[in-house]
Amino acid sequence: MVAVFFPGDDPTGDGPWDLRAYVIFNIVLILMAAVGAAVVVATVRPWGRCLPRWVLLTPLWFGSALLVVRGVPGMVENLLMATGIRRGGFVGAEDISTAELWAGLGINTYFFVGAMLLVVTTASYVRRSRGRRQSERPSDFSSADLRRTTS
């Protein structure tokens, strides 16, 4: 976390961004990860049932889409590179080192596994919350349940 605010000498590598854009970009990524973690936890905790279904489904679908768009092509690229079909991947960087290949494999595997886990979590929550919503209609509550919830 300290490296986000005090990254040292030119973390952008002479890229088109300045230091301020680098810090803002990283803060946004950290916040997205924190919100994503809270949303996933809310799908399985009792306090998450108090939230409207759409409040959890919106970031779940959005996060699933982002991770699939990032994770699946990355894994396909790694498979192409690892099998030797296309050593430079999609961009055709033929002079990629073994260390760069393994670093890319680690990063792309991280996103791919994250995409698969979040898609499964989203599908599970959709199924469970649909059933809960139908079974928890106000007419299904007895007067004893109403007394218990208001006390």
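Everything discussed here concerns the structure shown above.
**Considering the overall build of the chain**
- If you tally the helices and strands in the chain, you get five helices and zero strands.
- The burial tally for the chain puts 21% of its 151 residues in the buried class.
- In the chain, 51% of the contacts between residues at least 6 apart in sequence involve partners at least 24 apart.
- Accessible surface for the chain amounts to roughly 10,700 Å². Of this, 68% is attributable to carbon and sulfur atoms.

**Focus: the packing of helix α2 (residues 19–42) against helix α3 (residues 53–83)**
- The geometry of α2 relative to α3 is characterised by a closest axis approach of 10 Å and an angle of 120° between their N-to-C directions. By the angle between their axes, α2 is oblique relative to α3. Between α2 and α3 lies a crossing of left-handed hand. Mapping the contact onto sequence places M32, V39, V40 and A42 in α2 and L56, P59, L60 and L66 in α3.
- Of the residues that constitute the contact of α2 with α3, the class distribution is eight nonpolar, no polar and no charged.

**Re the environment of T83**
- For T83, the position within the fold is in helix α3.
- One polar contact links the side chain of T83 to the main-chain carbonyl oxygen of L79, over a distance of 2.7 Å.
- Within the local environment of T83, its side chain forms a polar contact with the backbone oxygen of L80, the two atoms lying 3.3 Å apart.

**Some remarks on the packing of aromatic side chains**
- Using the criterion set out here, one finds one aromatic pair in the structure.
- Between Y110 and F111, the ring centres sit 5.6 Å apart and the planes meet at 80°, which makes this aromatic pair edge-to-face.
- Judged by its relative accessible area of 26%, F111 is partly exposed.

The rules behind these values
Residues numbered from 1 in each chain as written. Predicted model: local features only at pLDDT ≥ 70, side-chain atom pairs only at ≥ 80, totals over all residues. Heavy atoms only, no water. Helix = DSSP H or I, 4+ residues; strand = E, 2+ residues; numbered from the N terminus. Buried < 20%, exposed > 50% of the residue type's maximum accessible area, 1.4 Å probe, protein only. Contact = heavy atoms within 4.5 Å. Areas by Shrake-Rupley, 256 points an atom, 1.4 Å probe, with all protein chains shown as cover. Axes fitted to C-alpha atoms, helices over the stretch in contact; angles between N-to-C directions. Parallel < 35°, antiparallel > 145°, perpendicular 65-115°, else oblique. Left-handed = near helix turned anticlockwise from the far one by under 90°. Nonpolar A, V, L, I, M, F, W, Y, C, P; charged D, E, K, R; others polar. Polar contact = N/O pair within 3.5 Å; in protein donor to acceptor, adjacent residues only side chain to side chain. Phe/Tyr/Trp six-rings, centres within 6.5 Å; stacked < 30°, edge-to-face > 60°.

Structural measurements only, silent on function.
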